[in-house]
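So you can see what is in the structure, the chains are spelled out below.
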Amino acid sequence: MQALIQPVALLLIILAGYAFKRAGLFGQRDYRILQTAIFDLVLPGAIIYSFATNPHEIKLLWISVFGLIVALIPPIVIFLATLHKPVARRAFMMLNGSGFNVGCFCFPVVSSFLGTAAIVPAAMFDIGNCVMVAAGTNVITQLLLHIQPGKTLSEQHAGDAPTLPYIKPKDKDAKRLARRALLRNVLKGFFGSVPFDVYMLMIVLTLAQVKIPGWIATMVQPLSNANSFCAMLMVGMLMDLPASRRDVKDVLTVIGWRVPFAIAFAAITWFILPFSASIREAVALCCLAPIAVFSTLFTDKVLGNAMQGYKRLNARALSQIRPGGILFTFSCSQAVTKELFRTTVFSAAAIAGRKVRILHQLTQPADHPINIYHPEGEYLKGLVLYVE
């Protein structure tokens, strides 16, 4: 009975996070506060507590190697399979089609179903997985698609080409500076992640057979205990129902990539890995884990979240305008359909708590004709709203 109650409790926490956001108690971006606390404090504490209170045999590092391999294969395969897709679609699929949410999802789920001892193989799997989800997948995506770190694709004027333009430096000094910049970005990507740094430290201590003192375990135990609640609450805060057909298509695309990989990796785990059944069971569950939260973070940084910007801007305008006022709002992005634009504006009205009526629906004039074979040419759209 206990094995069923705890997963149900975790599900209720997820639903609570989503309900609080829908009710306006959490803002659309408030998850970032919890995200910072989890990645920089709570999750590292849970990792240290796991290593301090459970024996980690050196041979289990082979599970870490396996975790690295299964997190590395999908982005490479997706890159090769999408050579003719636009760079934004390729980046989205590479970032979201791989990696596993082990620390924030599998730790509480595995411990609920298999007991606390199962956290040991899950943590060892997450060492390799973390190399990719915490930095590796993002670094590979940027390198292969020639995406400049620190800027979204819209800021780099990404078009429909499969990669961004890249001019290889010819001058010897320019080549040296380019190599240094690449190395700096790679190292920053990896070692800028606190969970990754903590895992690397734990590996060193494991190889050196250094036992973590008990007082350290006592200090980080509250952080470990908070991991399940904080992680599930953040998952709920990140949840959103698809707002358009494009959102549904994106979700189905990600699922279409992840499910076959997950089944294949879980099968390999169960039938091939040379470990006990209990260890293989825990690792197989990790292979079936959902998308890593790091993926949403990197997707936001690489692709940007323009629709959230539209929503916040319109919500701010609607909350400030006096009753009886008229709001003119527009979008000139081909990536934003009429349906998506309307849904976003309506969501902004709900967030602002204002009733609105559409007076006019505007589109581009005759000097911007739309080719029926290029529907994206219908990029300009607008609404004139009466705010009650």
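Residues numbered from 1 in each chain as written. Predicted model: local features only at pLDDT ≥ 70, side-chain atom pairs only at ≥ 80, totals over all residues. Heavy atoms only, no water.

**Some details on the environment of Gly-377**
Logical step 1: Mapped onto the fold, Gly-377 is located in the loop between strand S2 (356-363) and strand S3 (381-387).
Logical step 2: For Gly-377, a relative accessible area of 16% translates into the label buried. (Helix = DSSP H or I, 4+ residues; strand = E, 2+ residues; numbered from the N terminus. Buried < 20%, exposed > 50% of the residue type's maximum accessible area, 1.4 Å probe, protein only.)

**As for the nonpolar core**
Buried together is how nonpolar side chains tend to be arranged in soluble globular proteins.
Logical step 1: If you look at the biggest cluster of nonpolar residues, it comprises 84 residues, and the most contacted ones within it are Phe-51, Ile-63, Val-102 and Phe-125.
Logical step 2: Here this core gets 15 residues from one element, more than from any other, and that element is helix H6 (residues 119-145).
Logical step 3: Not counting chain neighbours up to four residues away, the residues in contact with Val-102 comprise Phe-107, Ala-122, Phe-125, Asp-126, Asn-129 and Cys-286.
Logical step 4: Core analysis: the next-biggest nonpolar cluster, separate from the first, contains 12 residues, Ile-321, Leu-327, Val-345 and Leu-385 among them. (Core = buried A, V, L, I, M, F, W, Y, C linked by side-chain atoms within 4.5 Å. Contact = heavy atoms within 4.5 Å.)

**Quick look at a positive patch on the surface**
Logical step 1: On the surface, Lys-168, Lys-172, Lys-175 and Arg-179 cluster together to form a positively charged patch.
Logical step 2: As for its placement among the helices and strands, Lys-172 is situated in helix H7 (residues 172-191).
Logical step 3: Looking at Lys-172, the relative accessible area reads 69%, which means it is exposed. (Patch = residues over 30% accessible without salt bridge, like charges linked within 9 Å, V, L, I, M, F, W, Y side chains within 5 Å. Areas by Shrake-Rupley, 256 points an atom, 1.4 Å probe, with all protein chains shown as cover. Salt bridge = Lys/Arg side-chain N within 4 Å of Asp/Glu carboxyl O. Lys, Arg positive; Asp, Glu negative; His and termini not counted. Charge placed at Lys NZ, Arg CZ, Asp CG, Glu CD.)

**Regarding the packing of helix H10 (residues 245-272) against helix H11 (residues 277-287)**
Logical step 1: Close contact between H10 and H11 brings their axes to 8 Å; oriented N to C, the two are set at 170°. Between H10 and H11, the interaxial angle falls into the category roughly antiparallel. Along its contact with H10, which presents Ala-262, Phe-265, Ala-266, Thr-269 and Trp-270, the element H11 presents Ala-277, Arg-280, Glu-281, Val-283, Ala-284 and Cys-287.
Logical step 2: Looking at the contact of H10 with H11 residue by residue, the class counts come to eight nonpolar, one polar and two charged. (Axes fitted to C-alpha atoms, helices over the stretch in contact; angles between N-to-C directions. Parallel < 35°, antiparallel > 145°, perpendicular 65-115°, else oblique. Nonpolar A, V, L, I, M, F, W, Y, C, P; charged D, E, K, R; others polar.)

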